[in-house]
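Secondary and tertiary structure notes
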Amino acid sequence: MLRFRFTLYAILFSGCILSAQIGGFRIGAGVGYSLYTGNQMDGTISTSTHGKSELNKGYNLQVYKSINDKYEIGFRYLTTNLWSFKSNDALGLSADIEEYSINIQRSLNDNILLTDDRFTFNIVAGIGLCKFKSAFYDYTATNVFNIPFSSIGYGNNLTLSGVSIPDKLIEPLLIAGFNIGFRVNNVITIYFENTFSTTNSNKISGNLYRKNSIPPDGFTYHAITLYINFFDYNKSKRMRCPKF
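Residues numbered from 1 in each chain as written. Predicted model: local features only at pLDDT ≥ 70, side-chain atom pairs only at ≥ 80, totals over all residues. Heavy atoms only, no water.

The next thing to look at is the overall build of the protein chain. Assigned secondary structure in the protein chain consists of one helix and 10 strands. Put simply, the protein chain runs from its N terminus to its C terminus through helices and strands in the order α-β-β-β-β-β-β-β-β-β-β. The 244 residues of the protein chain split such that 47% are buried. Residue pairs in contact within the protein chain that sit at least 24 positions apart in sequence constitute 66% of those at least 6 positions apart. Carbon and sulfur atoms form 60% of the exposed surface of the protein chain, whose accessible area is close to 12300 Å². (Helix = DSSP H or I, 4+ residues; strand = E, 2+ residues; numbered from the N terminus. Buried < 20%, exposed > 50% of the residue type's maximum accessible area, 1.4 Å probe, protein only. Contact = heavy atoms within 4.5 Å. Areas by Shrake-Rupley, 256 points an atom, 1.4 Å probe, with all protein chains shown as cover.)

The next thing to look at is the side chain of S101. Looking at the secondary structure, you find S101 in strand β4 (residues 91-107). Reaching out from S101, the side chain makes a polar contact with the side chain of E99 at a distance of 2.8 Å. Of the polar contacts made by the side chain of S101, one reaches the side chain of N103; its length is 3.1 Å. Apart from the residues lying within four places of it in its own chain, the contact partners of S101 are G74, F75, R76, I127, G128 and I175. (Polar contact = N/O pair within 3.5 Å; in protein donor to acceptor, adjacent residues only side chain to side chain.)

As a further point, take unusual backbone geometry. One non-glycine residue, N88, lies in positive phi territory at about 55°. With respect to the helices and strands, N88 occurs in the loop between β3 (71-86) and β4. Classification of N88 by relative accessible area gives exposed; the value is 79%. The phi dihedral of D110 is positive, around 50°, even though this residue is not glycine.

Inspection of the secondary structure puts N202 in the loop between β9 (188-198) and β10 (218-229). The exposure class of N202 is buried, given its relative accessible area of 5%. Between the alpha carbons of N202 and S213 there is a distance of 5.1 Å; along the sequence they are 11 residues apart. Every residue in contact with N202, bar those within four places of it in the chain, is listed here: R210, K211, N212, S213 and D217.

Another point: empty space enclosed by the protein. Under the defined criterion, the tally for this structure stands at three cavities of 30 Å³ or more. Taken as a whole, the largest cavity encloses approximately 80 Å³ of empty space. Contributing to the lining of the largest cavity are Q62, Y64, R76, N103, Q105, V124, I175, F178, N179, E193, N194 and T195. Of all the elements in the fold, those that place two or more residues in the lining of the largest cavity are β2 (56-66), β4, β8 (169-183) and β9. (1 Å grid on protein atoms, 1.4 Å probe; cavity = no way out; pocket = protein on both sides within 12 Å on 5 of 7 lines; lining within 4 Å. Points joined across faces, edges and corners; volume = space filled by probe spheres on them.)

Scanning the model with the defined rule gives five salt bridges in all. Put simply, E72 and R26 hold a salt bridge, and the shortest N to O gap is 2.3 Å. Taken as a pair, E72 in strand β3 and R26 in strand β1 (residues 25-37) lie far apart in primary sequence, 46 residues in all. Each of the two residues, E72 as well as R26, counts as buried. (Salt bridge = Lys/Arg side-chain N within 4 Å of Asp/Glu carboxyl O.)

Where β4 lies against strand β5 (residues 119-138), 17 bridges are found, and the strand directions are antiparallel. Within β5, the residue paired with E99 across the bridge is C130. Relative to β8, β5 runs antiparallel, the two sharing 14 bridges. Note that in β8 the partner of I127 across the bridge is L174. Alignment of β5 against strand β6 (residues 150-152), held across three bridges, turns out to be antiparallel. In the strand pairing of β6, F136 is matched with S150. (Pairing = 2+ DSSP bridges.)

What follows concerns the nonpolar core. The biggest cluster of nonpolar side chains holds 17 residues, and the ones touching the most others in it are L82, I97, C130, F132 and I204. Of all hydrophobic cores here, the second largest spans five residues; its members include W83, F85, A135 and Y139. (Core = buried A, V, L, I, M, F, W, Y, C linked by side-chain atoms within 4.5 Å.)

In structure tokens, the structure reads:
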């Protein structure tokens, strides 16, 4: 968490310098919950299976620059953990995710800068990369939390199947979503964000015996993100950088 705060302050400081030269610039951090999607899920959401929850916290850092009243482009960093269970909870997966993505947002009410009204309703599309490690568990085996059935990114640790990929993997992502932005004042905006990120593989499950990549692995992310605005709504004076 200390690293997360330091990174946020560093980006805010950088944004403060940039805002002196460019407008329509916002930067923020948020927290939400993620959910695995793919073949290794059973269609129900559990919060207490084997002492684990399928809803897990995820933290994001984002920065956006408006193009006009309709569009803006930005960058998102997201880190989260995934758990999922299937086959009457006999099989499970765990994955640690880092997402790096470039996203374009389109305001459905042409109010991307939140100047005409306090709300904007946006659709989101993006591309990115997902860096992850994952493990697949067989809960009918002993020592299941200590020895996964197969794994990715855990080095040469022992697995029940004897199969593993030592290094973390990086996979491309496609991202789609919807969010609602609310302008609290000329400095602060809050966004209620929902996105779906999908890979082109089945490796997030950690199940190295899985052959079918349809449907591919992915995850949803539902968050509240607080943004600091570095532009002037009144257009009569330049917005000053916030003090911490």
